[in-house]
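# Remarks on the overall topology
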Amino acid sequence: MTTEALPHPDTAGGAAPNRGTLLGIVFAAAGMVCVGSSVAVSAAITDAPLFTLQSVRYALAALLLLAVARVTGWRVPRPRGREWLWLAGVATAGLVLFNVGVVRGVAHAEPAVIGVAVAAVPMLLAVVPAVATRTLPARTVIIGAMVVTAGAVVVEGFGRTDAAGVGYALLVLVCEAGFTLLAVPVLPRLGAFGVSFHSVWMATAGMAVIGVATEGPAAVTTLDTVDLLAALHLAAVVTTLAFLLWFTAVRRLGSGRAGLLTGLVPVSAAALGVPLNGIVPGPMVWLGTAVVALGLVIGLRGTPLRGRPRSGTEVSRAGS
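In this report, we go over the structure that sits alongside the text. Everything numeric in this text was worked out from a predicted model, so none of it was measured.

How each quantity is defined
Residues numbered from 1 in each chain as written. Predicted model: local features only at pLDDT ≥ 70, side-chain atom pairs only at ≥ 80, totals over all residues. Heavy atoms only, no water. Core = buried A, V, L, I, M, F, W, Y, C linked by side-chain atoms within 4.5 Å. Buried < 20%, exposed > 50% of the residue type's maximum accessible area, 1.4 Å probe, protein only. Contact = heavy atoms within 4.5 Å. Salt bridge = Lys/Arg side-chain N within 4 Å of Asp/Glu carboxyl O. Helix = DSSP H or I, 4+ residues; strand = E, 2+ residues; numbered from the N terminus. Axes fitted to C-alpha atoms, helices over the stretch in contact; angles between N-to-C directions. Parallel < 35°, antiparallel > 145°, perpendicular 65-115°, else oblique. Left-handed = near helix turned anticlockwise from the far one by under 90°. Nonpolar A, V, L, I, M, F, W, Y, C, P; charged D, E, K, R; others polar. Polar contact = N/O pair within 3.5 Å; in protein donor to acceptor, adjacent residues only side chain to side chain. Patch = residues over 30% accessible without salt bridge, like charges linked within 9 Å, V, L, I, M, F, W, Y side chains within 5 Å. Areas by Shrake-Rupley, 256 points an atom, 1.4 Å probe, with all protein chains shown as cover.

The subject of this paragraph is the nonpolar core. Inside soluble globular proteins, nonpolar side chains tend to come together where they are buried. Ranked by size, the top nonpolar core spans 64 residues in total, and within it Val 195, Trp 246, Phe 247, Leu 261 and Leu 296 carry the most contacts. The residues contacting Leu 296, other than those within four sequence positions of it, are Val 148, Leu 260, Leu 261, Leu 264 and Arg 301. Counting residues in each nonpolar core, the second largest holds ten residues, with Ala 48, Leu 53, Val 56 and Ala 230 among its members.

Right, dumping it as structure tokens:
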């Protein structure tokens with residue numbers, strides 16, 4: 001049985017050489033749209049015990065992933081040796097500390113400041129793997145990442161902050177990039193499904209500990225129907241579906257090219273605000289969206305990947 005959540009292009013007999021690239025772009029874009037939907041949902045849970053709600057969210061996501069595995073027959077691969085450490089890093093940095101940075105950060109900085117930090121993720125995802133493997137990153141990817149980052153910053157805007165806010169913004173930036181980069185070494189064997197499931201249940205435990213320590217063991221009883229519905233959406237769409245789409249895309253495209261699509265998060269959040277909240281984006285949002293689109297065209301163009309996706313090579317190198 002396959003360990004991937006979606007079929008691999010190289011196993012679909014006779015597929016065009018660049019099919020994996022095109023599917024990877026679609027998966028990454030769809031995953032980022034799912035993540036963008038979290039903005040509207042998060043507005044409804046500002047008064048909820050956040051860490052407790054997050055632990056419920058990740059617990060529901062783990063159960064959903066197990067249900068998907070049972071229905072589809074997908075195997076949940078068991079990590080081996082150092083794979084446990086990589087997965088613990090994904091859960092700790094990409095999920096637990098990321099949320100801590102966001103929650104604590106907005107107490108010292110406007111949300112836009114945290115958003116701008118996340119907007120810089122494409123640059124880290126393009127540069128860090130190249131430095132780790134001592135290879136030169138593709139010029140188009142670097143230029144595209146710079147343009148996407150600039151466009152996302154325009155969409156997010158700038159805001160007021162203090163020194164602590166800057167520190168938390170940097171923490172959010174590092175953790176968001178770590179979510180992808182720490183998964184790269186284990187994706188070849190565990191696949192998108194295995195990485196998603198194991199990082200999610202680890203994050204459940206981490207968030208539960210923080211929730212009990214900071215909000216009390218009885219905090220879960222204060223969650224109302226709106227909170228639980230929001231947690232279900234975050235678990236099903238923003239975690240289960242988005243994680244499977246994203247990790248599959250990273251395996252097909254490599255972290256550098258997939259990282260370009262993270263620029264769609266603020267764009268999709270702004271777009272979803274129209275039907276959900278009736279908020280029409282202003283001129284700067286439209287300008288930033290156009291800049292993000294230009295960056296994607298620059299970064300994703302070039303020679304289609306041949307044979308196995310380049311991400312497999314990048315993954316094996318980063319894991320050595």
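What follows concerns the pattern of salt bridges. In the structure shown here, the tally under the stated rule is one salt bridge. In this structure, the salt-bridge partner of Glu 83 is Arg 189, at a minimum N-O distance of 2.7 Å. Of the two residues, Glu 83 sits in helix α4 (residues 83–105) while Arg 189 sits in helix α9 (residues 187–215), which places them 106 residues apart along the sequence. For Arg 189, a relative accessible area of 24% gives the class partly exposed.

Running from amino to carboxyl end, helix α3 (residues 50–72) crosses helix α10 (residues 225–253) at an angle of 50°, the nearest separation of the two axes being 8 Å. On the basis of the axis angle, α3 is oblique to α10. Where α3 crosses over α10, the two elements pack in a sense that is right-handed. Residues Leu 53, Val 56, Arg 57, Tyr 58, Leu 60, Ala 61, Leu 64 and Leu 65 of α3 form the contact with α10, whose participating residues are Asp 227, Ala 231, Leu 232, Leu 234, Ala 235, Ala 236, Val 238, Thr 239, Thr 240 and Leu 244. Residues belonging to the contact of α3 with α10 are distributed by class as follows: 14 nonpolar, two polar and two charged.

Mapping Ser 37 onto the fold places it in the loop between α1 (19–36) and α2 (38–42). Take Ser 37: its relative accessible area is 11%, and that puts it in the buried class. One polar contact links Ser 37 to His 233, side chain to side chain, over a distance of 3.1 Å. For Ser 37, the contacting residues outside a window of four places in its chain are His 233, Val 237, Val 238 and Leu 272.

Turning to a nonpolar patch on the surface, a few remarks are in order. Where nonpolar side chains cluster on the molecular surface, the patch consists of Leu 64, Leu 229 and Leu 232 and spans about 260 Å² of accessible area. The topology assignment puts Leu 232 in helix α10. Taking relative accessible area as the criterion, Leu 232 reaches 41% and is therefore assigned partly exposed.

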